[in-house]
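# Observations on chain architecture
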Amino acid sequence: MSHLSERPEKPVVGISMPHESAVQHVTGTALYTDDLVHRTKDVLHAYPVQVMKACGRLTALRTEPALAVPGVVRVLTGADVPGVNDAGMKHDEPLFPDEVMFHGHAVAWVLGETLEAARLGAAAVEVELDEKPSLITLRDAIAAESFHGARPMMVTGDVDAGFADSAHVFTGKFQFSDQEHFYLETHAALAYIDEAEQVFIQSSTQHPSETQEIVAHVLGLHSHEVTVQCLRMGGGFGGKEMQPHGFAAVAALGAKLTGRPVRLRLNRTQDLTMSGKRHGFNATWKIGFDADGRIRALDATLTADGGWSLDLSEPVLARALCHIDNTYWIPNARIAGRIAKTNKVSNTAFRGFGGPQGMLVIEDIMGRCAPLLGLDPTQLRERNFYGQGQSTPYGQPVLQHERISAVWQKVQENGGIADRRREIAAFNAAHPHTKRALAITGIKFGISFNLTAFNQGGALVLIYKDGSVLINHGGTEMGQGLHTKMLQVAATTLGIPLHKVRLAPTRTDKVPNTSATAASAGTDLNGGAVKNACEQLRERLLQVAATQLGSSASDVRIVEGVARTLGSDKELAWDDLVRTAYFQRVQLSAAGYYRTEGLHWDAKTFRGSPFKYFSHGAAAAEVEVDGFTGAYRIRRVDIVHDVGDSLSPMIDIGQVEGGFVQGAGWLTLEDMRWDATDGPNRGRLLTQAASTYKLPSFSEMPEEFNVTLLENATEEGAVYGSKAVGEPPLMLAFSVREALRQAAAAFGPSGVSVELASPATPEAVYWAIEAARQGDASWNGHVGKGSGANGFAGNDDNRTAAKTLSGA
């Protein structure tokens, strides 16, 4: 076993324990960015001047009327920026734009003594616009050939020969929905300037170092003049990886110009209309199978809806291409990617980061093609699993292919699948107007940032004279339990009880140049760094202990806060050991560092091994569908998920449950809509509140929900044998969508291929049922295409009615 994976005697990792802030969360004492306003004197409040048009160039911006509003202190415009007027890493996101690119684009910010004064001031600003044509739907952007960014191509094998060898060839189209993050805490920042003209920002950000970098270049400063701290976030899900930077820069600019602290917090409507979503995708595909149902070739084009600027669209698209295979070996593949430029908010990272979109395409293909091949969908999926010696289309060997089958078989055992399928068949035979179905889907999700340079982490660990320990690391806490795991890693490595260790808030003047807490790599990177720092300290202390105990340092073990020599009764308490080390002038602080080894990636050729390892999982979902309305309920879900040797089992199970429910929301409920008419509100987000945007709630939870972590699954080369958990479980929700597809098909004759929209709302399921009843594989025209019968672009635009074609 590798040094990084090996666990010492009586480790604190592996023990189930509550989230480190759980008590504060449930009692309301946990502090978030905006809570700090009440502890700060003379705060000004920032409010955006939004332009409610989808596209146009500013011809006039008159701020004088705002300055006449009582309580308004200043209006920030592009003329006030001392550095670079840009909030993005691609330099395509003006902080104060002179061209409006989406409905609700902020062109200026008003600072007021109160939030209400700032709001009234923003309403008083006069804006004149030369309105221009806009592209709202993804389909319209494709038709107009409106694209930006890279256009990657992933090729493996001989695609033409693969199709020639195929006994069955199918083609299809699939367009599916974006998704709103809907974190509990909206975007927030609080900035002030100290007596040395240093800028200090409290920000709800997943990437403090990048927030620091953007603020510095907007203000014309160096990074060492800007400090960013993140106490915690009320959810992030990727939405706070790139997009907090501009809001922090506005607050910092206001503080710099006025000399007073500035608070910026978006209300819910502003957050929904100004911040990016998960990328919606359009996919066109052609797939070939041999006579036994094994994939021979896949030719596909994936088009992501990037919105108005690039943001993270290029790496999101890259990860989508890298995950279109999911758990299936595709010997011959040609996958093209492109990013559509639309007049909507700039889409961004969201849990899975393109992986869910790529995997959804292949799972939709498998679900649609199985009946046409005369195979049970479970059988078709099993038949195409990766095997020994096989590699992904981008050239990375799948080294743990046996885990794909292991979780698959385990979930069938745990769920009693064979017996329940017989029960479902009997139920369906007896109920003509209600049908049940059970589907199993698996996942293979790569862990690491696609950009190799991001796969590094840092930490700073301090031991005080009284034996207490303080750890700092570069990861941010957004509710996922990262800090809890870091406390466990530190206590385990030092060999001390957990209560001896405390964790400090994440800030850029303690650990520099950190990567975003994203890509499910937070524990791997920061855990490796914390472990490294603690090992340095432990080695120093072992030398001190050896001297005190009269033995060799190699024979000393520190377990549960006591240093002992092997084969001896002599011992030395931790507190005494630390105090002795101090008086011997032994350094009691250490900077830790970790870099993920073994990665290489060529973005131009789309070849390499970008991932440290793959996480695996399988889910079985049973649904019941009403044939009159399309309404459904999730009767039961069984999950087996691979997290290696869990660092904190209760945290990990919570992540699996939460990820699954968020994925089910994306695939079945969350139906985003924009006004795509030619009226005055063109481009307006119509689902801009919880009243119109349906989120998963208790009523959508599975009636029976069983989660099991795969046993005996140590991951060599990862911190204490664990694996990432944050993103992969979201894709387990494919099982719900596939169960709904099978339930809809049960209303028609056997062998019907059902096309199902995403999200598979009750309305979408109803039309799928109607198509199945008619023995029709397509949408039969009941659901509008293009901008929809009502003129609203949303998931009417996502319901492509192209009929699946089959042939030799």
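This structure is a prediction, so every number in the text was calculated from the model and none was measured.

It is worth spelling out the overall build of the protein at this point. When helices and strands are counted, the protein shows 19 helices and 32 strands. The C-alpha radius of gyration computed for the protein amounts to 28 Å, which stays within 12% of the reference 28 Å derived for 808 residues, consistent with globular compactness. The dimensions of the protein, computed from C-alpha atoms along their principal axes, are 85 × 80 × 50 Å. Taken over 808 residues, the protein has a buried fraction of 63%. Sequence-distant contacts, at least 24 apart, represent 81% of the contacts inside the protein between residues at least 6 apart. A total accessible area of about 28600 Å² is found for the protein, and carbon and sulfur atoms account for 51% of it. Each charge class in the protein can be summarised by its mean position, and for the 75 positive and 90 negative side chains these summaries are 1 Å apart.

Further remarks concern the confidence of the model for the protein. Looking at the protein as a whole, its pLDDT mean stands at 95, while 96% of the residues score no less than 70. The low-confidence segment residues 777-792 (pLDDT under 50) makes 45 contacts with residues lying over four places distant or belonging to another chain. pLDDT under 50 marks residues 795-808. Its contacts with residues more than four places away, or in other chains, come to 63 contacts.

Time to look at helix α13 (residues 417-430). With 14 residues, α13 ought to run about 20 Å at 1.5 Å a step, and its terminal C-alpha atoms sit 20 Å apart, in line with that. Inspection of α13 places Ile-417, Arg-420, Ile-424, Phe-427 and Asn-428 among the buried residues, and these make up the whole buried set. Taken end-on, α13 shows its buried residues confined to a sector of 95°, consistent with a single buried face. The exposed set on the far side of α13, more than 90 degrees from its buried face, consists of Arg-422, Glu-423, Ala-429 and Ala-430. Buried residues belonging to α13 abut α12 (401-415), β16 (434-447), β27 (613-626) and β28 (632-641).

What follows covers the pairing of strand β1 (residues 44-51). β1 sits mainly inside the fold: eight of its eight residues count as buried. Residues Leu-44, Ala-46, Pro-48 and Gln-50 point to one face of β1 and His-45, Tyr-47, Val-49 and Val-51 to the other, with burial holding for every one of them. In the sheet, β1 pairs with strand β12 (residues 262-265) via two bridges, with the strands oriented parallel. Of the residues in β12, the one forming a bridge with Leu-44 is Val-262.

For the structure shown, the criterion picks out 53 salt bridges. Asp-642 is paired through a salt bridge with Arg-403; the nearest N and O atoms lie 3.0 Å apart. Of this pair, Asp-642 sits in the loop between β28 and α17 (649-668) while Arg-403 sits in helix α12; the two residues are 239 residues apart in sequence, bridging distant segments of the chain. Comparing Asp-642 with Arg-403, the two get one shared label, buried. Between Glu-624 and Arg-436 there is a salt bridge, and its shortest N-O distance comes to 2.6 Å. Pair noted here: Glu-624 is in strand β27 and Arg-436 is in strand β16, with a separation of 188 residues, a long-range link.

Bringing the sheet that holds strand β24 (residues 589-595) into the picture now. Taking strand neighbours across the sheet as the criterion, the four strands line up as β19-β18-β17-β24 in an open arrangement whose pairing is mixed. Each edge of the open sheet carries a strand with a single partner, namely β19 (501-503) and β24. Each strand axis lies, on average, 25° off the axis of its neighbour in the sheet, ignoring direction. In the packing of helix α15 (residues 522-549) onto the sheet, the strands contacted are β17 (456-463), β18 (469-473) and β24, and the crossing angle to β24 comes to about 140°.

What follows is about the side chain of Thr-523. As for its position among the elements, Thr-523 is in helix α15. Overall, Thr-523 belongs to the buried group, its relative accessible area being 13%. With residues near it in sequence (within four places) discarded, Thr-523 still touches Leu-482, Lys-485, Met-486, Gly-528, Leu-647, Val-719 and Ser-722.

Looking now at the environment of Lys-510. The residue Lys-510 is located in the loop between β20 (506-507) and α15 in this model. For the pair formed by Lys-510 and Asp-140, sequence separation is 370 residues and the distance between their alpha carbons is 48 Å. Those residues within four positions of Lys-510 in sequence are excluded, and the remaining contacts are Leu-460 and Asn-472.

With 28 residues, α15 should cover 40 Å at 1.5 Å per step; its first-to-last C-alpha distance of 38 Å lies within 8% of that length. Across the 28 residues that make up α15, a large majority, 20, are buried. Directly after α15, the chain includes Gly-550, whose backbone phi takes a positive value near 70°.

In this fold, Leu-566 is placed in the loop between β22 (562-565) and β23 (571-573). In this structure Leu-566 comes out as partly exposed when scored by relative accessible area, which is 49%. C-alpha of Leu-566 to C-alpha of Ser-552: the two residues are 14 residues apart in sequence and 9.7 Å apart in space. Leave out the neighbours within four places in its chain, and Leu-566 touches Asp-555 and Arg-557.

Below, the discussion takes up the packing of aromatic side chains. As enumerated under the stated definition, the model contains 18 aromatic pairs in all. Note on Phe-176 and Trp-666: the rings are 6.3 Å apart at their centroids and 70° apart in plane angle, and the pair reads as edge-to-face. Placement of the pair is Phe-176 in strand β8 (residues 168-176) and Trp-666 in helix α17, with a sequence separation of 490 residues. Trp-666 matches Phe-176 in its accessibility class, with the two residues each being buried.

Before going further, it helps to spend a moment on the environment of Thr-441. As for its placement among the helices and strands, Thr-441 is situated in strand β16. Judged by its relative accessible area of 0%, Thr-441 falls in the buried class. Residues Thr-441 and Ala-430, 11 residues apart in the sequence, show an inter-C-alpha distance of 27 Å. Sequence-distant contacts of Thr-441, that is, excluding residues within four places in its chain, are made with Glu-363, Arg-381, Trp-408, Gly-617, Ala-618, Ala-619, Leu-732, Phe-734, Ser-735 and Glu-738.

Before going further, it helps to spend a moment on unusual backbone geometry. Looking along the chain, the bond that leaves Ser-758 and enters Pro-759 is cis, with omega of 15°. Among the structural elements, Pro-759 can be located in the loop between α18 (734-745) and α19 (762-773). Unlike most non-glycine residues, His-91 shows phi in positive territory, near 55°. Assignment of secondary structure puts His-91 in the loop between β3 (72-76) and β4 (99-100). Even without a glycine there, the phi angle at Ala-519 is positive, about 60°. Turning to its location among the elements, Ala-519 is positioned in the loop between β20 and α15. Its relative accessible area of 9% is what places Ala-519 among the buried residues.

Conventions adopted
Residues numbered from 1 in each chain as written. Predicted model: local features only at pLDDT ≥ 70, side-chain atom pairs only at ≥ 80, totals over all residues. Heavy atoms only, no water. Helix = DSSP H or I, 4+ residues; strand = E, 2+ residues; numbered from the N terminus. Rg over C-alpha atoms; globule rule 2.2 N^0.38 Å. Buried < 20%, exposed > 50% of the residue type's maximum accessible area, 1.4 Å probe, protein only. Contact = heavy atoms within 4.5 Å. Areas by Shrake-Rupley, 256 points an atom, 1.4 Å probe, with all protein chains shown as cover. Lys, Arg positive; Asp, Glu negative; His and termini not counted. Charge placed at Lys NZ, Arg CZ, Asp CG, Glu CD. pLDDT = per-residue confidence, 0-100. Expected span 1.5 Å × (residues − 1). Arc of directions from axis to C-beta. Pairing = 2+ DSSP bridges. Salt bridge = Lys/Arg side-chain N within 4 Å of Asp/Glu carboxyl O. Axes fitted to C-alpha atoms, helices over the stretch in contact; angles between N-to-C directions. Phe/Tyr/Trp six-rings, centres within 6.5 Å; stacked < 30°, edge-to-face > 60°.

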